[in-house]
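So the chains spell out like this:
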Amino acid sequence: MSAGGGKKAIIAALTANAGIAVAKFVGAAITGSASMLAEGVHSVADTANQGLLLFGQNRAEQEADELHPFGYGRSRYFYSFVVALVLFTLGSVYALYEGIHKVQHPEELSSPIVAIVILVIAIGLEVYSFTTAVKESRPLKGRASWWQFIRNSRSPELPVVLLEDTGALVGLVFALGGVGLTMLTGDPVWDGVGTLAIGALLGVIAIILIIEMHSLLIGEGATAAEDLAIRENLVDGTTIDRLIHIKTQYIGPEELLVAAKVAVTPGLDIAQIAAGIDEAEARVRAAVPTARVIYLEPDLYREPAAKA
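Residues numbered from 1 in each chain as written. Predicted model: local features only at pLDDT ≥ 70, side-chain atom pairs only at ≥ 80, totals over all residues. Heavy atoms only, no water.

### Remarks on helix 7 (residues 189–218)
In an α-helix, one full turn covers 3.6 residues, which means residues spaced three or four apart are oriented alike.
Stage number 1. End to end, helix 7 covers 44 Å across 30 residues, agreeing with the expected 44 Å (1.5 Å per residue, within 8%).
Stage number 2. The positive-phi residue at the C-terminal boundary of helix 7 is Gly 219, with phi of around 115°. (Helix = DSSP H or I, 4+ residues; strand = E, 2+ residues; numbered from the N terminus. Expected span 1.5 Å × (residues − 1).)

Next comes the structure, spelled out in structure tokens:
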């Protein structure tokens, strides 16, 4: 994923969430709605999260140095992990706390129609943010499902924005339902129920993100398609006739490390082996552009010893 594509979706989400947060807090102050207040905190968390994603991208662009010879690409994974923690603590935990309080101690809403209007406007803004993220993600998703894209993407920003926007849209529907049922039934406990639903939703999304970002942070290898392409392009049958073993790891969203031991054809001189190694690296990079760091160790293939 190009950083530019992800950045466009992040900026769209940040702009939408900042405006939505202000509107929700105004609505919560006017109506006293707990679900509106929870949604306001949710939008603040989302706005902060988009700021963290942009900061992570900026940090990742630093040049490699002696302390970090492979660069700072994993900063994008780290700050995406922080985003998941913020979503869980500031979004989910707060909404659950507020929801429990409002269910135990229901309070009448004043001017609930104001909350309805604000929530409808917020849904429109979130739809804009969500459709931007979907548009930016489609070229990367290919024929995979959206769930597969979220699980398999080695670039963190778009999956994070997609899940956040999905949670925001569904959360707004929960808030709308809580306020609407309170208006229809006259029972303010429904506002608290809507808040609890928002908290549970955010908790599920945060846990999914924590699991995915943790996996990326500790290091994921090439995807199945990339692994197959690497294996097929390493061996040419002339200089390199067998792959002995291979290990891969993403050291940044757009930088894959490939380390492999390859069996060279017996009888070749050093110059021929060196040329063959260079050609293999070029073939792999052409097939898998993210394979920017490649270390190949030439060796001779030896048949495994037969077991007694």
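Next comes the rest of the write-up.
### Concerning the environment of Gly 19
Stage number 1. Its place among the elements puts Gly 19 in helix 1 (residues 3–31).
Stage number 2. Its relative accessible area of 38% is what places Gly 19 among the partly exposed residues.
Stage number 3. Taking the C-alpha atoms as reference, Gly 19 lies 30 Å from Arg 154; in sequence the two are 135 residues apart. (Buried < 20%, exposed > 50% of the residue type's maximum accessible area, 1.4 Å probe, protein only.)

### Regarding the nonpolar core
Stage number 1. In terms of nonpolar packing, the biggest core is built from 62 residues, with Ile 230, Leu 234 and Leu 256 touching the most fellow members.
Stage number 2. The residues touching Leu 256, leaving out its near neighbours within four places in the chain, are Ala 222, Ile 230, Thr 248, Gln 249, Tyr 250, Val 288, Thr 290, Ala 291, Arg 292 and Val 293. (Core = buried A, V, L, I, M, F, W, Y, C linked by side-chain atoms within 4.5 Å. Contact = heavy atoms within 4.5 Å.)

### So, the packing of aromatic side chains
Stage number 1. Taken as a whole and assessed by the stated rule, the structure comprises 3 aromatic pairs.
Stage number 2. Taken together, a centroid distance of 5.1 Å and an interplanar angle of 85° make the contact between Phe 55 and Tyr 79 edge-to-face. With Phe 55 in helix 2 (residues 34–60) and Tyr 79 in helix 3 (residues 75–104), the pair connects residues that are 24 residues apart, well separated along the chain.
Stage number 3. Judged by relative accessible area, which is 39%, Phe 55 ranks as partly exposed.
Stage number 4. Geometrically, the ring pair formed by Phe 78 and Tyr 79 is edge-to-face, given 5.0 Å between the ring centres and 80° between the ring planes.
Stage number 5. Taken together through their ring pairs, the aromatic side chains of Phe 55, Phe 78 and Tyr 79 make up a single cluster.
Stage number 6. Looking at Lys 141, its charged tip hangs above the ring of Trp 146, at a distance of 4.9 Å from the centre. (Phe/Tyr/Trp six-rings, centres within 6.5 Å; stacked < 30°, edge-to-face > 60°. Lys NZ or Arg CZ within 6 Å of the ring centre and 35° of its normal.)

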